[in-house]
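Architecture at a glance
Below are the chains, spelled out letter by letter.
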Amino acid sequence: MEAQLVELARTAGVAVVTLMATDAWERTRDGVVALWRRASPSRAEAVEGELEATRDDLLAAREGGDDLTEQELSEEWTGRLRRLLREQPEVADELRRVLAEADPGSHGVPAGTVRMRATASGSGRVYQAGRDQHITER
């Protein structure tokens with residue numbers, strides 16, 4: 001499976017769970033269920049129920065201050081979406097569209113999420129930023 005699709009599944013899993021606790025939830029749920037209806041119609045109804053159950057778990061976890069449960073729920077949805085993309089990679093563009101429509105400012109990336117990785121060796125330097133970066137060296 002392409003690394004790009006694996007990363008899309010990870011981003012989408014986090015985004016779907018994050019959006020469960022926002023005003024964009026219904027739009028997100030409807031988009032994800034519609035995606036499954038086209039990709040795997042026999043699973044769509046079950047997926048809708050699983051989304052609702054996940055939302056209930058998420059809201060209870062947030063109310064109880066349980067951050068680990070939110071992470072676990074994101075991982076579960078990452079796995080579901082990764083398997084869907086593995087079986088039907090052609091739905092990737094539609095998944096991106098669902099995320100963009102659910103949270104228009106995100107471009108498919110949940111707010112507050114920054115993931116960076118860098119390696120430097122010898123006298124090498126690494127500069128990373130989640131947004132703007134200005135470096136002045138003399």
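Residues numbered from 1 in each chain as written. Predicted model: local features only at pLDDT ≥ 70, side-chain atom pairs only at ≥ 80, totals over all residues. Heavy atoms only, no water.

Before going further, it helps to examine the overall build of the chain. A count of helices and strands for the chain gives five helices and zero strands. Secondary structure of the chain in N-to-C order comes out as α-α-α-α-α. Within the chain, counting contacts between residues at least 6 apart in sequence, those at least 24 apart form 64% of the total. In the form shown here, the chain has an accessible surface area of approximately 8,800 Å², with 45% of it arising from carbon and sulfur atoms. (Helix = DSSP H or I, 4+ residues; strand = E, 2+ residues; numbered from the N terminus. Contact = heavy atoms within 4.5 Å. Areas by Shrake-Rupley, 256 points an atom, 1.4 Å probe, with all protein chains shown as cover.)

Before going further, it helps to examine the environment of Asp 30. As for its placement among the helices and strands, Asp 30 is situated in helix α2 (residues 25-39). Judged by its relative accessible area of 43%, Asp 30 falls in the partly exposed class. Along the sequence, Asp 30 and Glu 48 sit 18 residues apart, while their C-alpha atoms lie 8.4 Å from each other. A polar atom in the side chain of Asp 30 sits 3.2 Å from the side chain of Arg 29. (Buried < 20%, exposed > 50% of the residue type's maximum accessible area, 1.4 Å probe, protein only. Polar contact = N/O pair within 3.5 Å; in protein donor to acceptor, adjacent residues only side chain to side chain.)

Each pair of aromatic rings is reported with the distance of its centres and the angle of its planes. Tallying each qualifying case throughout the model produces one aromatic pair. With centroids separated by 6.2 Å and ring planes inclined at 85°, the aromatic side chains of Trp 36 and Trp 77 adopt a geometry described as edge-to-face. In this pair, Trp 36 is assigned in helix α2 and Trp 77 in helix α4 (residues 67-87), connecting sequence segments 41 residues apart. (Phe/Tyr/Trp six-rings, centres within 6.5 Å; stacked < 30°, edge-to-face > 60°.)

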